[in-house]
Amino acid sequence: MPVEPPVVSPATLAEAFDRLADGPVTPIAGGTDLMVAITGELGEPPDRMLDLWLLDELRGIAIEGDAIVLGALTTYTEIRRSALCREHLPALVEAAATIGAAQIQNRGTIGGNAVTASPAGDTLPLLLALDASLVCGSVRGEREVAASAFWPAYRRTALAPDELLMRVRLPLAAGRETRFRKVGTRRAQSISKVVMALSYRDAAKAGWTDARVALGSVAPTPIRASATEAALEGRSPTPETADRAAETLASELQPIDDVRSTAEYRRVVAARVLHRLIREAGGW
Ligand SMILES: Cc1cc2nc3c(=O)[nH]c(=O)nc-3n(C[C@H](O)[C@H](O)[C@H](O)COP(=O)(O)OP(=O)(O)OC[C@H]3O[C@@H](n4cnc5c(N)ncnc54)[C@H](O)[C@@H]3O)c2cc1C
């Protein structure tokens, strides 16, 4: 009987779905997370892998109706070079530029970042703040999962074992602005100690509406800071608003202590990052 190779490269999406349905098999996209685990030092390496790289159905950046849609295999380099992303998602372009170095940006994908589900994954706060939905597919068809429901627990996702992440859908709301900031030990090649996305619609005299504050690296999953969001609702980006929002965030957060940082450092830094983002928005 022929022995199945440890990595199979399906030529079609249908074949990939069939292989996943026959499971167990681990999808591999750019491999920048998975190949680190291949030595077995970080846990059990996968026995069999399903190489997604040839599946063009998982590629592409396009406007579809009132959303911009990124295929799961979209790399950080593609995001950085995309005219559509630069126009509609400048904060995502900014985030992509902070991820790893050129080698990682050429191979690492937005889908891999979402499915790895690291609390330090740099795009995850943006997906939360932009109200993304993640489109999952399998032999049973497709379904959409809101970003707010996609990471239910530490390093877990809402994907079933036979599902692929197909694409990420980001609504384009008129007047929405989004800001991103990552704090690490150094500017390049660092894992975040705090990563934040702030998003709002500026209704001029009526202040900010639909404010969203999302953070990574401060909890077992990426989170939204709902009390802080409430403190920003209807406010203008003044020094008073920034002080109040930063205080609210510092009391709302219950950060983690880990090898990269203490909880107290994360609390103080998160509050200062938010203060600075509001200050930048207010231009003072
Ligand atoms: C040196 C280095 C620096 C890094 N720097 C950063 C950084 O600054 N910020 C950051 O956030 N990350 C960083 N990373 C982590 C990594 O590059 C990213 O998480 C990247 O986006 C992973 O994408 P990938 O395509 O390589 O995923 P893979 O390694 O191919 O896959 C990761 C996981 O996702 C699953 N998967 C991938 N695609 C799909 C899909 N379409 N459907 C279902 N499951 C899927 C795989 O089974 C696996 O479990 C770094 C990694 C390295 C090695």
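Quick caveat, the model's predicted, so the values are computed rather than measured.

**Focus on the overall build of the chain**
Scanning the chain for helices and strands turns up 11 helices and 12 strands. The C-alpha radius of gyration of the chain comes to 19 Å, within 12% of the 19 Å expected for a compact globule of 284 residues. Each principal axis of the C-alpha distribution contributes one length, and for the chain these read about 70 × 45 × 30 Å. Of all 284 residues assigned to the chain, the portion counted as buried reaches 46%.

**Some words on the nonpolar core**
Grouped together as the largest cluster of nonpolar side chains are 37 residues, with contacts concentrated most on L70, I79, L127, W151 and L170. Not counting the four nearest positions on each side in its chain, W151 is found in contact with A114, A117, L124, L127, L128, R156, T157, T221 and P222.

**Topic: the sheet that holds strand β2 (residues 26-28)**
Overall, parallel pairing links the 3 strands, which are arranged β1-β3-β2 in an open sheet. Two strands close off the open sheet at either side, each with one partner strand: β1 (7-8) and β2. Judged from the 3 bridges that link them, β2 and strand β3 (residues 49-51) form a sheet pairing that is parallel. Paired with P27 across the two strands is L50, which belongs to β3.

**Some thoughts on the site of the ligand**
In the neighbourhood of the ligand, 32 residues make up the surrounding shell, with P27, T32, D33, Y76 and T109 lying closest. In the model, an oxygen atom of the ligand is placed 2.8 Å from a nitrogen or oxygen of the G30 main chain. One of the backbone nitrogen or oxygen atoms of L165 is found 2.8 Å away from a nitrogen atom of the ligand. Relative to its unbound accessible surface of 990 Å², the ligand loses 85% to contact with the protein. If you list the elements that add at least two residues to the shell around the ligand, you get β2, α5 (102-107), α6 (110-116) and β8 (164-171). In terms of residue class, the shell around the ligand is made up of 14 nonpolar, 14 polar and 4 charged.

**Comments concerning helix α10 (residues 239-252)**
With 14 residues, α10 should reach 20 Å at 1.5 Å per residue; the first-to-last C-alpha distance of 20 Å fits that figure. Every buried residue of α10 is listed here: T241, A242, A245, A246, T248 and L249. Buried residues of α10, seen end-on, are gathered within an arc of 165 degrees and therefore sit on one face of the element. Exposed side chains of α10 directed beyond 90 degrees from the buried face belong to E240, E247 and S251.

**Focus on the pattern of salt bridges**
For the coordinates displayed, the defined rule picks out 15 salt bridges. Put simply, D122 and K182 hold a salt bridge, and the shortest N to O gap is 2.6 Å. Here K182 lies in strand β9 (residues 176-183) and D122 lies in the loop between α6 and α7 (124-129), a separation of 60 residues in the sequence. When sorted by exposure, D122 lands in the same class as K182, which is buried.

**What to know about the sheet that holds strand β7 (residues 141-146)**
Pairing is antiparallel in the open sheet, where 5 strands are placed in the order β4-β5-β8-β6-β7. Lying at the two open borders of the sheet, with one neighbouring strand each, are β4 (61-64) and β7. Ignoring strand direction, the axes of neighbouring strands in this sheet form an average angle of 25 degrees. Across 6 bridges, the pairing between strand β6 (residues 133-138) and β7 is antiparallel.

**Regarding the packing of α10 against helix α11 (residues 263-282)**
At their nearest, the axes of α10 and α11 sit 8 Å apart, and the two run at 155 degrees to each other. On the basis of their axis angle, the class for α10 and α11 is roughly antiparallel. Regarding α10 and α11, the two cross each other, and that crossing is right-handed. In this structure, α10 uses P239, A242, D243, A245, A246, L249 and A250 to contact α11, whose residues at the interface are R267, A270, A271, L274, H275 and I278. Tallied by class, the residues present in the contact of α10 with α11 amount to 10 nonpolar, 1 polar and 2 charged.

**Re the packing of aromatic side chains**
All told, the structure shown has 2 aromatic pairs when counted by the stated rule. The side chain of R59 reaches across the aromatic face of W53, ending 4.7 Å from its centre. Here R107 stacks its cationic end above the ring of W53, 4.1 Å away from the centre of that ring.

**Observations concerning the side chain of S261**
If you trace the backbone, S261 turns up in the loop between α10 and α11. Look past the residues within four positions of S261 in its chain and what remains in contact with it is K193, I256 and R266.

**Section: the side chain of T77**
As for its placement among the helices and strands, T77 is situated in helix α2 (residues 76-81). Apart from residues lying up to four places away in sequence, T77 is in contact with Q105 and N106.

Rules of the game
- Along every chain, residues carry numbers that run from 1 in the direction the sequence is written.
- The predicted origin of the model limits local features to residues at a pLDDT of at least 70 and limits the giving and counting of side-chain atom pairs to 80 or more, whereas totals for whole chains, interfaces and linings rest on all residues.
- Side-chain figures throughout are based on the complete set of non-hydrogen atoms in the structure, without hydrogens or water.
- Strands are runs of DSSP state E lasting at least 2 residues, helices are runs of H or I lasting at least 4, and numbering of each runs from the N terminus.
- For this measure, only C-alpha atoms enter the radius of gyration; the expected value for a globule follows 2.2 Å times N^0.38, where N is the number of residues.
- Exposure classes here rest on a 1.4 Å probe applied to the protein chains alone. A residue is buried below 20% of its type maximum, exposed above 50%, and partly exposed in between.
- Throughout, nonpolar core names a set of buried Ala, Val, Leu, Ile, Met, Phe, Trp, Tyr and Cys residues whose side chains join them through atoms within 4.5 Å.
- By the convention used here, residues are in contact when the closest approach between their heavy atoms is within 4.5 Å.
- Note on pairing: DSSP must find at least two bridges between two strands before they are called paired.
- One heavy atom suffices: a residue is near a molecule or strand as soon as one of its heavy atoms comes within 4 Å of it.
- In protein, a polar contact means a hydrogen-donor-capable atom and an acceptor-capable atom, both N or O and within 3.5 Å, with residues adjacent in sequence counting only if both atoms are side-chain atoms; elsewhere, any N or O pair within 3.5 Å suffices.
- All accessibility values rest on the Shrake-Rupley procedure with a 1.4 Å probe; residue burial counts only the protein chains present in the view.
- Each residue receives one of three labels: charged for Asp, Glu, Lys and Arg, nonpolar for Ala, Val, Leu, Ile, Met, Phe, Trp, Tyr, Cys and Pro, and polar for the others, Gly being one of them.
- Multiplying 1.5 Å by the residue count of a helix minus one yields the expected span of that helix.
- The arc in question is the one spanned by the directions pointing from the helix axis to the C-beta atoms.
- Whenever Lys or Arg places a side-chain nitrogen within 4 Å of a carboxyl oxygen from Asp or Glu, that contact is recorded as a salt bridge.
- Where helices are involved, their axes are fitted lines through C-alpha atoms of the stretch in contact, as for all axes, and angles between N-to-C directions lie from 0 to 180°.
- In these notes the angle categories are as follows: under 35 degrees is roughly parallel, over 145 is roughly antiparallel, 65 to 115 is roughly perpendicular, and the rest is oblique.
- The crossing is said to be left-handed when, going from far helix to near helix, the turn is anticlockwise and less than a right angle, and right-handed when the turn is clockwise.
- Each Phe, Tyr or Trp ring (for Trp, its six-membered ring) is paired with any other whose centre lies within 6.5 Å, and the angle between the two planes then decides the class: stacked below 30 degrees, edge-to-face above 60, tilted in between.
- Comment: the charge-over-ring label is applied if NZ (Lys) or CZ (Arg) is within 6 Å of the ring centre and within 35 degrees of the ring normal.

Taken by themselves, the reported measurements are silent on function.
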